[in-house]
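Chain by chain, the residues run as shown.
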Amino acid sequence: MFKITIFYPVKQNDWFDMEYYTEKHLALSKSVFGNYLKGIGIEKSESSDSVYKVIGHLFFEEIEHFYNCFLPNKTILEEDAVHYTNVKAVIQISKVIVWQNFT
């Protein structure tokens, strides 16, 4: 399992439209990645001293699935970001070493 984490740092005069992000941008992401996308997680900070305002997670079984869909659609996804934030995202790609589902 691979996790793509998108960090949106807290910056002076930043803004983030969570409604657009969860309703429109995530739908766009789902259409780009299709069945390769195995899960999505969104975190919103509730602390005034947080480093990140929002953190998004995308999960894939194979990293190639991410790259094969993302690279041809990178511009579309990045251009949509201006609709929900004025902050440049930081992306981390990780291999999940331990995954335990307790449900």
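The coordinates are above.
Please read all numbers here as calculations on a predicted model, not as lab measurements.

### A short note on the packing of aromatic side chains
With the rule as written, the count across this model stands at 14 aromatic pairs. Measuring from ring centre to ring centre gives 5.1 Å for Phe 16 and Tyr 21, while their planes differ by 75 degrees; the resulting arrangement is edge-to-face. Both residues of the pair, Phe 16 and Tyr 21, count as buried. Ring-pair connections join several aromatic residues into one group, and the members of that group are Tyr 8, Phe 16, Tyr 20, Tyr 21 and Tyr 84.

### Description of unusual backbone geometry
At Asn 13, a residue that is not glycine, the phi angle is positive and equals roughly 65 degrees. Considering the arrangement of structural elements, one finds Asn 13 in the loop between β1 (2-9) and α1 (18-33). On the basis of relative accessible area, Asn 13 is assigned to the exposed category, the value being 66%.

### Re the pairing of strand β3 (residues 52-60)
Judged by how many residues are buried, β3 sits mostly within the fold: 7 of 9 residues are covered. The pairing of β1 with β3 spans 8 bridges and is antiparallel. Each residue of the ladder has a partner; that of Ile 4, found in β3, is Leu 58. Of the pairings in the sheet, the one linking strand β2 (residues 37-44) to β3 comprises 7 bridges and is antiparallel in character. Along β3, the bridge assignment pairs Glu 43 with Ile 55.

Criteria and cut-off values
Residues numbered from 1 in each chain as written. Predicted model: local features only at pLDDT ≥ 70, side-chain atom pairs only at ≥ 80, totals over all residues. Heavy atoms only, no water. Phe/Tyr/Trp six-rings, centres within 6.5 Å; stacked < 30°, edge-to-face > 60°. Buried < 20%, exposed > 50% of the residue type's maximum accessible area, 1.4 Å probe, protein only. Helix = DSSP H or I, 4+ residues; strand = E, 2+ residues; numbered from the N terminus. Pairing = 2+ DSSP bridges.

Fair warning: the whole summary comes from geometry, so function is off the table for now.
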